[in-house]
Amino acid sequence: MTQQEKIEIAKIVAWEVNQTKSCPHGIDSDTAASLKEFAATWQSGKKTALITFVAGVVAGLGTLITLGIVKKMEILFK
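Participant: How would you explain the overall build of the chain if you had to name every residue and give the values?
Facilitator: Assigned secondary structure in the chain consists of two helices and zero strands. Here the C-alpha radius of gyration of the chain, 28 Å, is well above what a compact globule of 78 residues would show, namely 12 Å. About 7100 Å² of surface is accessible on the chain, with carbon and sulfur atoms providing 69% of the total. In the chain, the 9 positive side-chain charges and the 7 negative ones have mean positions that sit 19 Å from each other.

Participant: Talk me through the environment of Gly-56; I want residue IDs and the actual numbers.
Facilitator: Topologically, Gly-56 is positioned in helix H2 (residues 29-76). Considered as a pair, Gly-56 and Ile-12 are 44 residues apart in the sequence and their alpha carbons are 53 Å apart.

Participant: Requested: an account of the environment of Val-70, with residues and values cited.
Facilitator: Looking at the element boundaries, Val-70 is found in helix H2. By relative accessible area, Val-70 is classed as partly exposed at 41%. It is 65 Å that separates the C-alpha atoms of Val-70 and Gly-26, two residues lying 44 residues apart in sequence.

Rules used in this analysis
Residues numbered from 1 in each chain as written. Predicted model: local features only at pLDDT ≥ 70, side-chain atom pairs only at ≥ 80, totals over all residues. Heavy atoms only, no water. Helix = DSSP H or I, 4+ residues; strand = E, 2+ residues; numbered from the N terminus. Rg over C-alpha atoms; globule rule 2.2 N^0.38 Å. Areas by Shrake-Rupley, 256 points an atom, 1.4 Å probe, with all protein chains shown as cover. Lys, Arg positive; Asp, Glu negative; His and termini not counted. Charge placed at Lys NZ, Arg CZ, Asp CG, Glu CD. Buried < 20%, exposed > 50% of the residue type's maximum accessible area, 1.4 Å probe, protein only.

Spelled out as structure tokens, the structure:
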């Protein structure tokens, strides 16, 4: 697709949107707002899940290291 064809398609879509005042795909402003909100929620949920997973791994490793040190001290001071 050439740049000229892209420009022509953009003009046709812009004209259609201006004539009907709606999206050619049938998405109204309320649906668009809902989709944006869902996308934002999804992104923050993914970020929260990743942070929780990393924190769990770090806490688990810290616990294992602490238990190893305690066990080693028990053996040394017996």
